[in-house]
Amino acid sequence: MELPVVLVTGASRGLGRGIACSMARKGFSVVVNFAGNALAAEETVALCESVKPDPRQRFVAVQANVGEAADRASLLARSLEAFGRVDALVNNAGMGPRVRADVTQTSLESFREVLQVNLEGPYFLTQLLANYWLGGKIRPILPHGFSVVMVSSVSANTASLNRGEYCVSKSGLAMVTQLWAVRLAHEGIQVYELRPGIMATDMTSGVKEKYDTMIGQGLVPQRRWGTDEDTGMAAASLVAGDFPYSTGSVIYVDGGFHLRRL
């Protein structure tokens, strides 16, 4: 019996690593995509190996920059070469601006780079997978069919003036989720948006002291940082089919940050 295969982009570290490990714990094989850090990707592979419940599970690191069309095509081709199938896609790969700057100073180069990775990449990688699935070359083996998870951010609807291009990319990704959810719903393919909050990752390491204070003061109702494990468990639950009648939904993993309060 074949095992489901999950392709996780940006899985060498941070939230992507947590997602890959959670998929491994669920009994799935995983394509560990990475952009440049091969050593970190192999560390993710080793961690997945250490938690797998089924000896048949396999984990393969595949280098590709999801912001590049040729790399996206290569990523899918190499995933199929390694496993013969892909059952779910987690569009996690993303980046913040290399230099944070007020919106009055955002450079065109930074804007283009961030949107290329964070928005263009997930849109067109999903297109590749959707067309592959719709081609009927494989039948779904997950209980509720194929699925796509878009990892966005609370920045999709929370303005940060010193990284406007990041907010725009995540807001766009929220609409990408809706578009693909509507297009694929009648095909039996679910699409979800996973919206993490203030997470302890490399991306936030430079502002840790600032957010430690704000979280302690109640910015996050649960009064703690989010972790890669928090995100991973949510993503694995979606892929496993625990929300079969919720396509297009926004699943918050933010400790209540999104709640309106007086």
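The coordinates are above.
Calculation criteria
- Residues numbered from 1 in each chain as written.
- Predicted model: local features only at pLDDT ≥ 70, side-chain atom pairs only at ≥ 80, totals over all residues.
- Heavy atoms only, no water.
- Buried < 20%, exposed > 50% of the residue type's maximum accessible area, 1.4 Å probe, protein only.
- Helix = DSSP H or I, 4+ residues; strand = E, 2+ residues; numbered from the N terminus.
- Pairing = 2+ DSSP bridges.
- Right-handed = clockwise from strand over helix to strand, strands pointing away.
- Axes fitted to C-alpha atoms, helices over the stretch in contact; angles between N-to-C directions.
- Contact = heavy atoms within 4.5 Å.
- Polar contact = N/O pair within 3.5 Å; in protein donor to acceptor, adjacent residues only side chain to side chain.
- Parallel < 35°, antiparallel > 145°, perpendicular 65-115°, else oblique.
- Left-handed = near helix turned anticlockwise from the far one by under 90°.
- Nonpolar A, V, L, I, M, F, W, Y, C, P; charged D, E, K, R; others polar.

Enquirer: Residues and numbers for the pairing of strand 2 (residues 29-34), please.
Expert: With six of its six residues buried, strand 2 lies for the most part within the structure. Here strand 2 shows no split at all, with Ser29, Val31 and Asn33 on one side and Val30, Val32 and Phe34 on the other all buried. Pairing of strand 1 (residues 5-8) with strand 2, which is carried by four bridges, proceeds in the parallel orientation. Among the inter-strand pairings, Val8 is bridged to a residue of strand 2, identified as Val32. The parallel pair strand 1 and strand 2 is bridged by helix 1 (residues 14-25), and the resulting crossover is right-handed. As paired strands, strand 2 and strand 3 (residues 59-63) are joined by five bridges and run parallel to one another. Note that in strand 3 the partner of Val32 across the bridge is Ala61. With helix 2 (residues 38-51) bridging strand 2 and its parallel neighbour strand 3, the resulting β-α-β unit is right-handed.

Enquirer: An account of the sheet that holds strand 3 is needed here, citing residue identities and associated values.
Expert: With parallel pairing, the seven strands of this open sheet are ordered in space as 3-2-1-4-5-6-7. The open sheet has two edge strands, strand 3 and strand 7 (250-253), and neither has a second partner. With direction set aside, neighbouring strand axes in the sheet form an average angle of 20°. In the packing of helix 4 (residues 108-134) onto the sheet, the strands contacted are strand 1, strand 4 (88-91) and strand 5 (147-151), and the crossing angle to strand 4 comes to about 175°.

Enquirer: Residue-level account of the environment of Asp54, with values.
Expert: Its location among the elements puts Asp54 in the loop between helix 2 and strand 3. The exposure class of Asp54 is buried, given its relative accessible area of 17%. For Asp54 and Gly121, which are 67 residues apart along the polypeptide, the C-alpha to C-alpha distance reads 32 Å. Reaching out from Asp54, the side chain makes a polar contact with the side chain of Arg56 at a distance of 2.8 Å.

Enquirer: Can you tell me about the packing of helix 3 (residues 69-83) against helix 4, naming the residues and giving the values?
Expert: Where helix 3 meets helix 4, the axes come as close as 10 Å, and the angle between the chain directions of the two elements is 40°. Taken together, the axes of helix 3 and helix 4 lie oblique to each other. Between helix 3 and helix 4 the crossing geometry is right-handed. Two secondary-structure elements touch here, helix 3 through Arg72, Ala73, Leu75, Leu76 and Leu80 and helix 4 through Glu120, Gly121, Phe124, Leu125, Leu128, Leu129 and Tyr132. Looking at the contact of helix 3 with helix 4 residue by residue, the classes come out as nine nonpolar, one polar and two charged.

Enquirer: Outline the packing of helix 1 against helix 2, listing residues and values.
Expert: In the contact formed by helix 1 and helix 2, the axes pass within 8 Å of each other and the chain directions differ by 25°. Here helix 1 is positioned roughly parallel relative to helix 2, judged by the angle of their axes. Seen along the crossing, helix 1 lies across helix 2 with a hand that is right-handed. Of the residues in helix 2, those in contact with Arg17, Ala20, Cys21, Ala24 and Arg25 of helix 1 are Ala40, Glu43, Thr44, Leu47, Cys48 and Val51. Class assignment for the residues of the contact of helix 1 with helix 2 results in seven nonpolar, one polar and three charged.

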